[in-house]
Amino acid sequence: MSEIRLNNVVKRYGRVEVVHGINLEIAHNEFVVLVGPSGCGKSTTLRMIAGLEDISDGEIHIGDALVNDLPPRKRNISMVFQNYALYPHMSVRENLGFGLKIAKQPDAVVAERVDEAASILGLSELMDRTPAELSGGQRQRVAMGRAIVRHPEAFLFDEPLSNLDAKLRVQMRTEIKKLHSKVKTTVVYVTHDQVEAMTLADRIVVMKDGHIEQVGTPMEVFNHPLNTFVASFIGSPPMNLIPARIEDGKVVFGDKTGVPLPNRLSEFVSDGQEVIFGIRPDDMTPEGHGISDSGQSATLELTVDLAELLGTETLLYTHLGGQEALGKMFDPRHVQENETLKFRLSLDKAHLFDAGTGKSVRPD
Amino acid sequence: MARTPRSSYKTRLALTPYLLLAPAFLVLIFVIALPLVFSLYTSFTGYRLVRPDSLWNWVGLRNYERIFTDWDFWVAFGRTILFLAIALNLEFIFGLGIALLINRITWGQRTLRTIMMFPMMFSPILVGYQFKFIFNDNIGVLNNALQSLGISDAATPWLVDRNLAMFSIIFAEVWMSTSVFAILLLAGLFAMPRDPIEAAKVDGCSPLQVFRHITLPFLMPFAFIAMTIRSLDVARAYDIVDVMTGGGPAGRTELLWTLIARVGYDNSRMGQANAMAYVSIILSVAFTYYFFTKLVAARRYMGGAA
Amino acid sequence: MNASLRKRLVAIATWIATFLLMMIICLPGLWVVLTGFRPNREVLSKPAIWIPEQFNLNNFAKIFGFGAEQVAIPVPAYFTNSLVIALTSTAIALIIGMSGGYAFARFRFPFKNSIFLGLMLSRTVPGIALSLPVFMIWSRLGLIDTKMGMIIVYTALNIPFTIWLIDGFFRQVPKEMSEAAQVDGCTRWQAFWRVEFPLAKSGIASAGIFAFLTSWNEYALASQLTRSTDSKTLPVGLMDFTAQFTIDWAGMSAMAVIIIIPALILTFLVQKHLIAGLTFGGVKG
């Protein structure tokens, strides 16, 4: 069994605390993605799991072992680095076999496992090249190959795709996903890219400033963000967040316009409460140009400042409640500048956050 | 329960760099720090090599009083400062010129750069000998050439005349050390991004303005590295002077360093020599420290762009 | 003046300047080398003989004690001393410098910058100023005029700069290399020898060559701390010639050639790495 448990894990550099007591349990064979903006402590957390940073306080268990005092080599993990960290003075074959050779495995075993990894990742043709002779995507595959040959208890990925160009990134993303289904192992994956997190993860851990903001499946995190940070970080383009006030069962914005209080949230707010109204661009569409919506909704006349054509859809920059807001037009037609459109806001998918704490009013 | 092993593991991690540095420190303490403490002590005694018991003869500040009221010391001191100022400035100017020149050349650049490194790797004693030979008034190649070409019939006393001797020594010093500047400034020119220069040209700067406002500021950190490296061993000039003129004739090329050797070994007045040595150490340290802080400041200003 | 003519003139001027520069750099050394192969008679003649009439290895035979003519200067012993002292002190300085350079390149620790500056400042102490107390202490310890005494001093002299250079070379090896090796099952020690050292070794070699040349060329300390054939080095031995009544220019030049040759060869070998090491260590802080 190779679950990973983090118990109140703290990291301090001198007096500066950068990770503030993280608790997390990662199940056997689970693919967990740590996501957050740069400086949120996600990489530091990963490096503490790997043993590359010492743990200032708290405990980390891998399997049954408390690993706080174990050096990386005794943790039975493998890691893919952002810049791959391939050994430039070794061929692909030597790179792949290095860990096994260090572990004093017999040559036959090394050769067999290296060939196995090479065929999984399609590296068989490249075995005698050096890293300098490989393309970015090939290096990436060698780095992953080096991780899988050792059959570790867990894979750690530290922003493995951020050095690739956009097209290759999408391709490698699917390869990582396929690899995980082939080689069932626990994976901890760090990225700042929420799309990677959404597409790869069994569970997403959203971090900010050394705290965990939310843990959940991609759908949970997307559909039920616990606070405004998660709401704005997950999903692209980000959710519109408009300050508002609850008055007489309505959500009233700063400019006195408003929408009805979403039914499913009405029991969680009280009259006069200051809130933040959140709605994703996908749920704010001109009539006749949205996904058919049978639930509770509101319509508002809004003026479009700018329309951005993306082909299958058009992004509409407008103002809602005096704040800049973004809507989407599916099955688009030409929109003129300053044209006023009737938008339908899908209230079933709207969110309310407490203005003071930023937390979702719905206690999930 | 796991407290003890954990803290020892952490302590070990925190101690590692100090353990790695320990051998270096041991050697430097034994060979440099302790002797310097000892020489600081002797600079307050009337120690003479020929009378070992004079090591315990505490004389307070008398050695310092004596050297600070000694005209010969001040002349040597002033000459040393002047020598350094002239040599370092010439080295910088020539080095910059050479770097710009070689940067223009497209063919054989590497070979030229390699050749340029040779003087820097020569033993200073060799450089001194080489120029002692060349500047020799009787059989030196310089006078021979001047005579053969009919420019001058006289045997010019390059190493005897007060001003010419100083010139010859500075020439040797500049010959030896200019390449430190040339090579580092050339490395700076190689590392220089093209964009700012092109942007400045588009913005209407003349070549001179581009050099003044873009190239030169970019090169300054490299110049300060060269200055720092140079200031580490300015006292190499001792070797050159010792072989070329021995500080003579009649003390006309005496630098602080040759004076120390004369007072300490020839006159065996160790106490006084150590007092002078301290002045020379402070001078060197001040030079290095000054250029090092300049380097750090320039580096910060560049934001690591180099 | 049209543009292409002007361009051509600039090119010609550049070539002339480069040619002059190379002359100034090369000629003094070449003249000494040339003299090493000529007899004294020719060197001293007036008016000067410009085209060598005799050109042979007699001077070298002479200073090494072969052939008819003999000199009173034991060059072979000096040569051996120089070699033993320079090689041993370089080896020790490299081991210590690698350890220290690695500490600076890979670890964060309090007072790191001050310690680095302190190391560098220890190198600034003028040789002649340092020679005074070392002379006094070495004479009490019986280290005057011993190879051991010189090796210790040169090791100390070389440590700061070796650390500076090696620090730079290790920092050019990404930290992730060591981390990847540790995750792959290496101890830190194994990671160092199997990954970081192989990647930095050419740089380390050039730091070693630089240290070797520093020891090989040093004069100020050696001139005071050595006395006899037991420990005198070539640069000190060179001065033996000037102590004689008439200077044996040809013999001295032959000896100079012997000192120059290793410097030439080794400089040629290290120049690329040395430049990289100096600039990297300095600029990237």
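Residues numbered from 1 in each chain as written. Chains lettered and ligands numbered in written order. Predicted model: local features only at pLDDT ≥ 70, side-chain atom pairs only at ≥ 80, totals over all residues.

## A look at the overall build of chain B
Link 1 in the chain: When you go through chain B residue by residue, the secondary structure sums to 12 helices and 0 strands.
Link 2 in the chain: Reading the secondary structure of chain B in the N-to-C direction produces α-α-α-α-α-α-α-α-α-α-α-α.
Link 3 in the chain: Counting only C-alpha atoms, chain B reaches 95 × 75 × 30 Å along its principal axes.
Link 4 in the chain: Each of the 306 residues in chain B was classed as buried or not, and the buried ones make up 45%. (Helix = DSSP H or I, 4+ residues; strand = E, 2+ residues; numbered from the N terminus. Buried ≥ 20, exposed ≤ 12 C-beta atoms within 10 Å, placed from the backbone.)

## Comments concerning the overall build of chain A
Link 1 in the chain: For chain A, the helix and strand inventory stands at 8 helices and 20 strands.
Link 2 in the chain: The principal-axis extents of the C-alpha atoms in chain A amount to approximately 75 × 45 × 35 Å.
Link 3 in the chain: Looking at chain A as a whole, 43% of its 364 residues are labelled buried.
Link 4 in the chain: Once local pairs closer than 6 in sequence are excluded, the contacts in chain A between residues at least 24 apart make up 68%. (Contact = placed C-beta atoms within 7 Å.)

## Things to note about the interface of chain A and chain C
Link 1 in the chain: Opposite the 18 residues of chain A that make contact, chain C presents 15 residues.
Link 2 in the chain: At the level of elements, strand S6 (77–80) and helix H2 (92–102) of chain A are the ones that each hand at least two residues to the side of chain A that touches chain C.
Link 3 in the chain: Counted by class, the side of chain A that touches chain C contains 13 nonpolar, 4 polar and 1 charged residues. (Nonpolar A, V, L, I, M, F, W, Y, C, P; charged D, E, K, R; others polar.)

## Regarding unusual backbone geometry
Residues and elements named next belong to chain A.
Link 1 in the chain: Here the residue pair Ser 236 and Pro 237 is connected by a cis peptide bond, since its omega of -5° sits within 30 degrees of zero.
Link 2 in the chain: Topologically, Pro 237 is positioned in the loop between helix H8 (228–233) and strand S11 (240–247).
Link 3 in the chain: With a phi close to 55°, Asn 76 is a non-glycine residue in the positive phi region.
Link 4 in the chain: Looking at where Asn 76 falls in the secondary structure, it is placed in the loop between strand S5 (65–66) and S6.
Link 5 in the chain: A positive phi is found at Lys 104, a non-glycine position, where the angle reads about 60°.
Link 6 in the chain: Among the structural elements, Lys 104 can be located in the loop between H2 and helix H3 (107–121).

## Some points on the domain arrangement of chain A
Residues and elements named next belong to chain A.
Link 1 in the chain: Taken as a whole, chain A is organised into domain 1 (4–233) and domain 2 (240–354).
Link 2 in the chain: Computed from C-alpha coordinates alone, the two centres of domain 1 and domain 2 are separated by 39 Å.
Link 3 in the chain: If you look at the interface, domain 1 gives 5 residues, while domain 2 gives 5 residues.
Link 4 in the chain: Tallied by class, residues from the side of domain 1 that touches domain 2 come to 2 nonpolar, 3 polar and no charged. (Domains from an automatic or database assignment.)

## Examining the packing of helix H7 (residues 147–171) of chain C against helix H9 (residues 188–217) of chain C
All names here are of chain C.
Link 1 in the chain: Where H7 contacts H9, the two axes come as close as 9 Å, and the packing angle between them is 150°. Between H7 and H9, the angle falls in the class roughly antiparallel. The interaxial crossing formed by H7 with H9 has right-handed handedness. On the side of H7, the interface is formed by Tyr 154, Leu 157, Asn 158, Phe 161, Thr 162, Leu 165, Ile 166, Phe 169 and Phe 170, while H9 contributes Glu 196, Ala 200, Gly 203, Ile 204, Ala 207, Phe 210, Ala 211, Thr 214 and Ser 215.
Link 2 in the chain: In the contact of H7 with H9, the residues fall into 12 nonpolar, 5 polar and 1 charged. (Axes fitted to C-alpha atoms, helices over the stretch in contact; angles between N-to-C directions. Parallel < 35°, antiparallel > 145°, perpendicular 65-115°, else oblique. Left-handed = near helix turned anticlockwise from the far one by under 90°.)

## Section: the packing of helix H3 (residues 71–104) of chain B against helix H1 (residues 3–36) of chain C
Link 1 in the chain: Packing of H3(B) against H1(C) brings their axes to within 10 Å, and their N-to-C directions diverge by 125°. For the element pair H3(B) / H1(C), the angle class is oblique. Remark: the crossing between H3(B) and H1(C) carries left-handed chirality. Across from Ile98(B), Leu101(B) and Arg104(B) in H3(B), the residues of H1(C) making contact are Thr14(C), Ala17(C), Thr18(C) and Leu21(C).
Link 2 in the chain: Across the contact of H3(B) with H1(C), the residue classes break down as 4 nonpolar, 2 polar and 1 charged.

## Section: helix H5 (residues 124–134) of chain B
Link 1 in the chain: With 11 of its 11 residues buried, H5(B) lies for the most part within the structure.
Link 2 in the chain: Buried within H5(B) are the following residues: Pro124(B), Ile125(B), Leu126(B), Val127(B), Gly128(B), Tyr129(B), Gln130(B), Phe131(B), Lys132(B), Phe133(B) and Ile134(B).

## Focus on the sheet that holds strand S18 (residues 323–330) of chain A
Residues and elements named next belong to chain A.
Link 1 in the chain: Strand order in the open sheet formed by 5 strands is S15-S19-S16-S17-S18, and the pairing between neighbours is antiparallel. Of all the strands in the sheet, just strand S15 (284–286) and S18 have a single pairing partner and so form its edges. Pairs of neighbouring strands in the sheet enclose a mean axial angle of 50°, with direction left out of account.
Link 2 in the chain: Note: S15 against strand S19 (residues 340–346), 3 bridges, orientation antiparallel. The partner of Thr 285 across the bridge, within S19, is Arg 344. (Pairing = 2+ DSSP bridges.)

## Focus: the sheet that holds strand S4 (residues 57–62) of chain A
Link 1 in the chain: Pairing in this open sheet of 4 strands is antiparallel, and the strands run S2-S1-S4-S5 (chain A) from one edge to the other. Looking at the sheet topology across the chains shown, the edges are occupied by strand S2 (16–26) and S5 of chain A.

## A word on the interface of chain C and chain B
Link 1 in the chain: Contact residues are listed per partner, giving 71 residues for chain C and 75 residues for chain B.
Link 2 in the chain: The element contributing the most residues to the side of chain C that touches chain B is helix H12 (residues 249–283) of chain C, with 15 residues.

## Some thoughts on the nonpolar core
Link 1 in the chain: Ranked by size, the top nonpolar core spans 164 residues in total, and within it Leu185(B), Ile260(B), Met276(B), Val153(C) and Ala256(C) carry the most contacts.
Link 2 in the chain: Broken down by element, the residue count for this core peaks at 15 residues, all from H7(C).
Link 3 in the chain: When we break this core down by domain, the ones giving at least three residues each are domain 1 (3–57) and domain 2 (75–283) of chain C.
Link 4 in the chain: Discounting chain neighbours no more than four positions away, the residues touching Leu185(B) are Gly95(B), Leu96(B), Ala99(B), Leu219(B), Phe222(B) and Ala223(B). (Core = buried A, V, L, I, M, F, W, Y, C linked by C-beta atoms within 7 Å.)

## What about the pairing of strand S17 (residues 313–320) of chain A?
If a strand is regular, its side chains alternate between the two faces of the sheet.
Residue and element names in this part refer to chain A.
Link 1 in the chain: Residue alternation in S17 divides its side chains into a buried set, Thr 314, Leu 316, Thr 318 and Leu 320, and an unburied set, Glu 313, Leu 315, Tyr 317 and His 319.
Link 2 in the chain: Linking two consecutive strands that pair antiparallel, namely strand S16 (residues 297–309) and S17, is a turn of 3 residues; a positive phi of about 100° is found at Gly 311 within it.
Link 3 in the chain: Here S17 folds back onto S18 in antiparallel fashion, the turn holding 2 residues, of which Gly 321 has a positive phi close to 60°.

## What about the environment of Asp202(A)?
Residues and elements named next belong to chain A.
Link 1 in the chain: Along the chain, Asp 202 falls in the loop between helix H6 (194–200) and strand S9 (203–208).
Link 2 in the chain: C-beta crowding within 10 Å serves as the criterion here: with 15 such atoms nearby, Asp 202 is assigned to the partly exposed category.
Link 3 in the chain: Those residues in contact with Asp 202 that sit more than four places away from it in its chain are Glu 30, Phe 31, Val 32 and Thr 217.

## Here we look at the environment of Gly321(A)
Residues and elements named next belong to chain A.
Link 1 in the chain: Along the chain, Gly 321 turns up in the loop between S17 and S18.
Link 2 in the chain: For Gly 321, a count of 20 C-beta atoms within 10 Å translates into the label buried.
Link 3 in the chain: Taking C-alpha positions, Gly 321 is 6.1 Å from Thr 257, a pair spaced 64 residues apart along the chain.
Link 4 in the chain: With residues up to four places along the chain from it excluded, the contact list for Gly 321 reads Ile 242, Ala 244, Phe 253, Gly 254, Asp 255 and Thr 257.

## As for the confidence of the model for chain B
Residues and elements named next belong to chain B.
Link 1 in the chain: For chain B, the mean per-residue pLDDT works out to 84, and 95% of the residues sit at or above 70.
Link 2 in the chain: Helix H6 (residues 141–148) is the least confidently modelled element of chain B, averaging 80 in pLDDT, while H3 averages 91, the highest of any element.
Link 3 in the chain: Counted against residues more than four places away or in other chains, residues 1–5, with its pLDDT under 50, gives 2 contacts.
Link 4 in the chain: Scored as a whole, the predicted complex attains pTM 0.83, and scored at its interfaces, ipTM 0.85. (pLDDT = per-residue confidence, 0-100.)

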